[in-house]
Structures are given as structure tokens and as C-alpha cells.
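Listed below, chain by chain, are the residues.
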Amino acid sequence: MNYLLHLLVYFDIYVIVALSLNLIVGYCGMLTLAHAGYYAIGGYTYALLALNLGWGFVPAVAVAMLVCAVLSLAVALPSWRLRGDFFVLGTLAVQALIFSAIYNWSSPDTPLGSWKNLTNGPFGITGIPRPSIFGWTPASPLSFTLFATVVAGSCGFVLWRLQRSPWGRLLLAIRDDELAARGLGKNTRFIKIQAVAIASSIVAVAGALYASHVRYLDPSSASLDEGILVLSMVIVGGLGNFKGPIVGAFVLIALPELLRFLSLPDTQAANLRLLIYGLLLVLMMHFRPNGIAGAYRVQ
Amino acid sequence: MTIAAQPMLEISARSTVGSRVVLRAQGLRKAFGGQRVLDDLDLILHEGEVVLLRGENGSGKTTLLNILTGNLEPDTGTIEYLADSTPRSYSFPRRWWQELNPFDHFTPEFVAREGIGRTWQDVRLFGSQSLRDNIAVAKPGHSGENPLVALLAPARANSREGAFNSQADAMLARLGLAGREQSSGDMVSLGQSKRVAIARAVVAGAKILFLDEPLAGLDRKGITDVLTLLESLVREAKLTLVIVEHVFNFVHLHHLVNVHWMLESGRLEKNHAEPIPQIDSIDGIPVTIAAPSWFSQLAGSPEHVTSERLPRGATLTRTRRPDHWKPEAKPVLEIKGLIVNRGARSVIGLDEHGDPNGFDLTLHQGEIAILQAPNGWGKSTLFDALCGNAPIKRGTIAINGSTVESTPPWIRAQTGLAASPSAAKLFPSLKVSEVSRLSPHSSSTGSIPFASRTISSLSGGEKQRTLLRMALPDSGMPQLVLLDEPFAMLDDIATRQAVEAIIGTQPHHAILFLIPANHSFS
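Remember, predicted model here, so these are calculated numbers, not experimental data.

*Asks:* Could you give an account of the overall build of chain B, naming the residues involved and the relevant values?
*Replies:* When helices and strands are tallied, chain B shows 13 helices and 21 strands. Counting over 522 residues, chain B shows a buried share of 54%. For chain B, the proportion of contacts with a sequence separation of at least 24, taken over those separated by at least 6, is 71%.

*Asks:* Describe the domain arrangement of chain B, with residues and values.
*Replies:* All names here are of chain B. What the domain assignment lists for chain B is domain 1 (20-125 + 190-288), domain 2 (126-185) and domain 3 (293-516). If you look at the interface, domain 1 gives 14 residues, while domain 3 gives 18 residues. Both faces considered, domain 1 and domain 3 share a buried interface measuring about 1200 Å² in area, 47% of it formed by carbon and sulfur atoms. For the interface between domain 1 and domain 3, the tally reads zero salt bridges.

*Asks:* Please provide a residue-by-residue account of unusual backbone geometry, values included.
*Replies:* Residue and element names in this part refer to chain B. Residues Phe92 and Pro93 are joined by a peptide bond in cis, for which omega reads 0 degrees. Tracing the backbone through its elements, the reader meets Pro93 in the loop between strand 5 (88-92) and helix 2 (108-112). If you check the backbone angles, Asn400 has positive phi at about 50 degrees while not being a glycine. One can find Asn400 in the loop between strand 17 (392-399) and strand 18 (402-403). Given a relative accessible area of 16%, Asn400 falls into the buried group. Of note, Glu485 is a non-glycine position whose phi angle comes to about 45 degrees, a positive value. As for its placement among the helices and strands, Glu485 is situated in the loop between strand 20 (480-484) and helix 13 (492-503). Taking relative accessible area as the criterion, Glu485 reaches 25% and is therefore assigned partly exposed.

*Asks:* I'd like a description of the nonpolar core, backed by residues and values.
*Replies:* Counting residues in each nonpolar core, the largest one holds 138 residues, and the members touching the most others are Tyr38(A), Tyr46(A), Leu209(A), Leu209(B), Leu241(B) and Leu256(B). A total of 15 residues in this core trace back to one element, the largest contributor, which is helix 9 (residues 188-214) of chain A. Among the nonpolar cores identified, the runner-up in size contains 32 residues, and Val37(B), Leu38(B), Phe92(B) and Val244(B) belong to it.

Definitions and limits used
- Residues numbered from 1 in each chain as written.
- Chains lettered and ligands numbered in written order.
- Predicted model: local features only at pLDDT ≥ 70, side-chain atom pairs only at ≥ 80, totals over all residues.
- Heavy atoms only, no water.
- Helix = DSSP H or I, 4+ residues; strand = E, 2+ residues; numbered from the N terminus.
- Buried < 20%, exposed > 50% of the residue type's maximum accessible area, 1.4 Å probe, protein only.
- Contact = heavy atoms within 4.5 Å.
- Domains from an automatic or database assignment.
- Buried area = accessible area lost by both parts, 1.4 Å probe.
- Salt bridge = Lys/Arg side-chain N within 4 Å of Asp/Glu carboxyl O.
- Core = buried A, V, L, I, M, F, W, Y, C linked by side-chain atoms within 4.5 Å.

In C-alpha cells, the structure reads:
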């Protein structure tokens with residue numbers, strides 16, 4: 001039972017990640033690899049504030065969102081001039097920068113959270129407290145699952161409302177033809193900054209949720225592998241609508257878990273699972289190029 | 001019968017003398033790689049003027065349009081936008097510190113807010129959005145476009161949205177598109193999408209509208225619809241228009257245009273009094289249907305010209321080269337019972353009632369055929385099906401006796417198909433000489449003066465000439481030469497040269513033109 005609840009929490013976390021990433025990739029047409037970096041920054045910010053300063057979940061997450069929104073300029077500003085492959089490379093550079101900063105921002109002789117040892121480098125941060133919401137702490141697996149579901153639902157509601165608003169329609173117009181949108185007097189640069197900032201601040205919530213669930217955080221949450229995993233979720237599930245990323249998050253969490261039930265030889269199980277997983281992804285992209293439930297194909 | 005063009009001098013009865021200046025540009029210069037396109041160009045545009053901007057291919061019409069709409073910075077000069085209540089002036093070259101001011105950029109969005117709108121030749125509707133959204137999104141000052149308002153005050157955003165949607169629906173009804181509000185932007189005909197694009201620019205607040213080939217690719221009905229819309233906008237909304245249009249479509253603009261700008265050697269000459277062919281009318285609608293000059297040049301003697309009606313408003317006109325027409329020989333092209341689908345819908349092979357009965361066409365050596373059909377008839381689909389880029393549902397296609405309907409495009413080229421697709425399918429980073437060497441038919445760039453330039457630097461007309469050069473076989477076995485709107489974007493001289501090139505090909509080739517149905521031949 002705990003195993004299923006654990007998976008449900010993971011599903012909630014990745015639904016937030018995938019839905020927020022969909023705002024950048026599916027609605028703005030900007031393929032970013034840096035999203036996992038902001039996910040990690042959100043988690044680290046929450047961890048430091050909760051661990052070192054004893055902050056509650058809500059204020060710590062609010063600061064994490066603000067930090068990610070400001071740092072999201074590293075992705076949004078290059079999008080003014082970079083397009084297509086060059087933009088992807090730019091976001092890859094941002095991802096590498098974030099990962100390097102988290103990995104190297106440590107000093108063994110100084111306490112965690114000091115300016116010299118902000119992240120504890122490759123050793124990560126342990127003992128991250130459970131979230132505390134106005135004095136209530138979801139300590140049991142069931143209560144944490146409910147809490148994570150409420151948080152994911154709230155983030156999903158915010159994104160749903162934004163995507164269905166005239167602002168969301170404007171994002172689609174920019175995605176379809178940015179030059180035509182500019183010709184109608186729309187400040188597409190500013191709107192892209194807004195979209196990336198909103199998506200980055202919302203993924204910070206997922207990072208905080210992850211940190212408070214696992215209670216340990218290391219640089220791997222900002223790795224390129226993680227970035228590709230979350231990108232796979234939105235591409236496999238489908239871009240440009242609300243249900244696609246949710247489907248993608250479900251499939252990419254459920255698929256590796258289902259493969260565990262295959263009777264594979266222990267020595268080769270991990271590699272074979274990866275092989276099958278990759279093959280299924282390739283087949284899915286071949287037969288469903290728009291994703292399972294998508295409305296837009298990334299160029 | 002060929003309708004002769006009769007000289008008639010402009011200008012319309014509407015006078016613009018004394019009306020206020022809405023746009024002024026002085027000393028505009030622009031060069032690309034040392035080649036000067038605009039040279040100390042001055043212009044003044046008055047409110048209510050309808051300008052036809054003319055010039056040969058490569059004369060800089062699109063460059064001037066791009067500069068005046070904020071898509072391109074001139075090297076030097078001054079532009080004053082005076083249409084809005086708060087005039088704005090830009091001097092070039094701009095200083096680096098001016099770029100730091102977020103409220104003073106020379107970009108399309110800043111220029112658009114000065115009341116400048118534009119449409120593109122390739123329309124550029126937002127394809128994933130409905131027609132209603134395409135128009136509603138253009139409306140300036142929508143509070144719902146602020147994410148905070150959209151999130152925290154949805155009632156306020158929804159109320160504005162409702163009002164904007166009603167206005168968009170009213171605009172669509174005015175365009176004759178009532179009931180199509182939810183149609184996707186990429187699922188309407190070219191004529192409809194061009195009208196929506198114009199309406200969208202007007203809704204965005206355009207007081208001066210720059211139109212890049214608004215009639216290109218349209219059939220008769222499409223031309224009539226666009227012209228009716230433009231006339232009503234000029235009459236009712238006092239819109240100022242600057243139109244760049246293909247030479248073939250000048251005649252359609254007769255009623256509308258009151259000023260001519262001739263772009264020559266990088267400068268403008270205003271009120272250039274060029275003869276305009278006389279306007280004809282169809283069912284009382286002021287639209288000219290005239291055979292273009294290239295047809296008589298191509299057809300030669302009229303006794304060799306025959307026409308036949310095809311279903312759904314298409315016409316097939318054939319002309320033969322008497323010494324080389326060989327009806328007894330194996331046909332160069334033989335299509336039997338062809339049905340081609342786009343998605344689930346049959347496009348090619350429909351009869352008058354829309355039933356899929358198959359499309360037949362036979363072309364022999366020495367024969368030139370012109371298939372003119374309305375927008376949406378399926379010309380592009382037929383082109384793709386013949387080239388092997390669109391799967392066919394039923395029927396056979398034989399080139400020089402070999403059935404090719406199941407062969408890939410490169411095998412068809414070896415069998416005897418030479419096709420000239422749209423200019424968008426050229427290789428933008430290659431030089432003209434390199435592109436020419438890629439052609440299986442022609443490697444000589446002989447008389448092309450721009451052989452050393454890259455495709456992306458060419459004007460629309462130059463690209464079209466390059467395509468024709470690639471498609472026309474120099475020699476060899478009888479070929480099927482397939483030309484998709486080969487003279488689109490070519491000026492008079494270039495068209496004449498292109499026709500000469502076509503006539504000069506091996507006379508045993510069979511040539512099939514696909515063009516929109518806005519000309520009449522007989």
C-alpha cells in the first residue's frame with residue numbers, strides 16, 4: 001500500500017512538473033532542457049529555508065517560487081534571439097550551469113546553508129523536514145499523499161485557468177507565428193518572459209514537494225537525465241493541451257514500475273528494462289507523433 | 001479569343017490632395033552585402049490614399065514594406081509615423097543606448113501600435129486557433145492578456161472576452177463567414193484566410209495597411225471577396241492602403257488604387273501614370289478576367305488552342321506544337337480514374353456532385369496544358385500526387401508508358417517527370433549555381449545574373465526563375481514538365497523570358513501548368 005502511495009506522490013510531483021513544462025514547450029513552442037534545473041532550485045530553496053531557518057511550507061515555497069521566477073530570465077532572455085536548435089542548446093547551457101552550481105557550491109569545513117556551502121555539493125542535503133502548514137504536518141504516507149494531491153490539484157488549476165484565458169490564447173498565437181503576433185502589436189518578448197517565469201515558479205513547488213517527501217536532495221535532481229525525463233513526459237503525453245502532460249506523467253511513472261513485474265534475470269534486469277522502455281518510447285513517437293493525447297507537435 | 005489590354009490612365013476620382021500626412025520617410029537607404037536596394041528614398045503617404053507599389057522583381061518592394069512595418073531597419077534615414085494621435089519618429093542608424101529604452105524600439109509590435117498593419121503573401125493566420133480567436137486575439141488592450149487578471153479576476157477577463165468575441169463574430173459575419181467562427185485557421189480556403197488576415201489587422205488598430213500580394217493565388221471569387229472587403233474598409237473605415245501586387249493582378253485593383261508608386265533604382269516615383277488594362281465585369285461585379293500576355297506568347301496560333309470544362313469549376317486548356325504533337329505515340333502522361341484523399345476527404349477525382357468518380361488526363365508529346373481551377377479544387381494535391389509526395393487512393397498514373405503511382409519521387413524523376421514546386425521548397429542556404437547542379441535536368445546557370453547568390457537572399461521573382469531553370473529539361477527523352485504557378489511573382493520581363501525558356505525547351509516535352517482560375521482562355 002505504501003508503495004502505491006509513494007507512486008501516487010511521485011505522480012503528483014511529476015504532474016506539476018509536466019504541466020508547467022507544457023506551458024513553455026506546448027504553449028510557447030520553446031523546447032527547454034533546463035526545467036529540471038528550476039525543479040532542483042525550488043527543492044534546494046525549500047530545503048535550506050525549512051532546515052536552516054525553520055520556515056513553514058508556504059513561506060518557503062513562496063520564496064522558492066520567487067527565486068525560480070527571477071532565475072528563469074536565464075531561459076527567457078535568450079529566447080528573444082535564439083530559435084529552434086540554438087534555443088535548445090542555450091537551455092542546455094543553463095541546465096549545465098545550474099547542475100554545476102549545485103554540484104560544486106560546497107565546502108566541507110563550513111556549515112550547510114552558509115554562503116560557502118549552500119548546497120553541500122555531491123553529498124546533498126539530508127534530513128529535510130516534512131512540510132509544516134500552519135502547524136499541521138502530513139506525517140503519514142496517506143496524509144502526505146493527500147497533501148501532495150491537493151498541491152498538485154492547485155497548481156493544475158492555476159495552469160488550467162491560465163491556459164484557457166486570453167493570455168493562454170496569446171501564447172498559442174505566438175507559438176503558431178510569432179512574427180504575425182508582433183505585427184498585431186503584441187509584445188511577444190515580455191509575454192514569453194511571463195510564461196517562463198510562471199512555469200519556473202510552479203515547478204519550484206514540485207521541487208519543494210519532492211524535497212519534503214524524500215527528505216533528501218542531491219544534484220541528480222538537476223541532471224540532464226531528469227531534464228530529459230520530464231521533457232519525455234510532455235512529449236509522450238502530448239503537448240499544447242491540459243490532459244497530455246498528465247497522461248505523459250502517468251505513463252512514464254507507471255511504465256518502469258510495470259516493467260519491474262517482468263521476470264527478467266537479475267543481472268540484466270536494469271539494462272533490459274531500459275532497453276524495453278526506450279523501444280516503447282520510439283514506437284510511441286513513431287505511431288503517435290503528437291503524443292498520446294497532444295494537440296501540437298514540437299518542431 | 002484573347003482579351004486585349006486597352007490602355008487607360010489612372011487615377012480614380014477620389015482626391016487625396018490636402019488630406020493629412022500619415023507616414024513620412026526621408027533618405028531611406030538599405031543595402032544587402034554591398035548591393036544597394038533603397039537609395040535615398042523619400043515618401044509621403046496621405047490619409048485615405050490607396051497606393052499600388054510597383055517595381056520589377058528584386059527592385060526592393062518587399063524590403064521597403066519590411067522597413068515601413070518595423071520588420072527591418074534601414075541603414076540610414078528617418079521614418080515618421082503620424083497616423084496615431086501620438087506621432088513617433090525613428091532616425092537611423094539608431095544609437096546603442098536607444099535599444100536600452102524598453103519603450104523605444106523599432107520593432108513590428110511598436111510600429112503596429114502606431115496604427116501600422118500588414119498582411120503577408122502567405123497569410124500567416126494562427127493555424128491552431130479558430131477564426132474567432134484569430135480576430136479576437138488581435139484586439140489591443142485586453143485585460144485578460146495579463147496573467148494576474150486572468151488568474152485573480154477571471155470575471156473581469158471573461159466579460160472583456162465576451163465583448164471581444166461578439167465583435168469578432170460580427171466581423172466574421174461581415175466577411176461572409178458567419179457560422180465559421182469555430183473553423184480552424186488552417187482549415188479555411190485561401191480567399192477566406194486572406195480576408196480574415198486583413199480583418200485581423202484592422203481589429204488590431206491598423207490605420208495604414210500594407211498588403212503583400214493580397215490577390216496572389218486567389219480564384220475569381222476569392223479576388224472579388226478580397227476586393228469587396230478592401231473597398232468597404234477604404235470607404236467606411238478610411239483606411240490607407242499600400243498594396244504590393246503581382247503584375248497580373250494590377251487590373252483587378254483598378255477601382256481601388258488612386259496613387260502609384262514606382263520603385264526604380266532604389267527610389268520612388270509617385271503617380272506614375274501606367275496604362276491599366278480595361279476592366280471587365282462578371283455578373284455586374286467589377287473584376288477583370290483577362291488572359292495574361294504570356295498565354296498568347298505561349299499558345300502561338302489560336303487554331304491550336306482547345307478548352308474543356310472539368311468538374312467543380314476547373315478548365316483544361318491545351319495548345320499544341322503542330323510539328324511535334326504526336327497523338328499516335330505513347331502518351332507522356334496518362335492519368336486514369338485518379339482519386340486522391342487529403343485526410344479522410346477525397347480531393348481529386350470528384351465529379352460535379354462531389355462523388356469520387358476519378359480524374360482522367362492524357363498528355364502527348366508536344367502538348368502544353370493549362371489546368372486552371374479555383375482555390376480548394378486540389379491543384380496542390382494533384383501536384384503532390386503526380387510527384388509522389390501524396391499517396392493516391394485509386395487509379396493509375398503512367399509517365400512515358402511506365403506506371404508510377406506506387407514508385408517514390410526520385411524514380412518518377414528518372415522516368416521522365418520534371419516538376420517545379422513552390423519557391424518555399426528551395427534550399428535556402430545554397431547558392432543558385434549549387435541548386436542548379438542538384439537538378440537532374442539542368443546544370444547550366446547560363447544567363448542567370450544572380451547565380452552566385454544564396455537562395456535566401458533572392459527576391460520572390462528570382463526564386464521563381466531559379467525554380468523554372470531547375471525544372472526545364474535541357475534535352476533527353478520526352479518529359480512531363482509540371483509547373484505549379486510558374487509565373488507567380490514574376491514581372492513582365494521575367495515572365496516573357498520564362499515563357500521563352502519554356503518554348504525553347506525540347507518541343508517533344510509535354511508541359512502541364514497548374515494555376516488558379518482567375519484567367520480566361522479560349
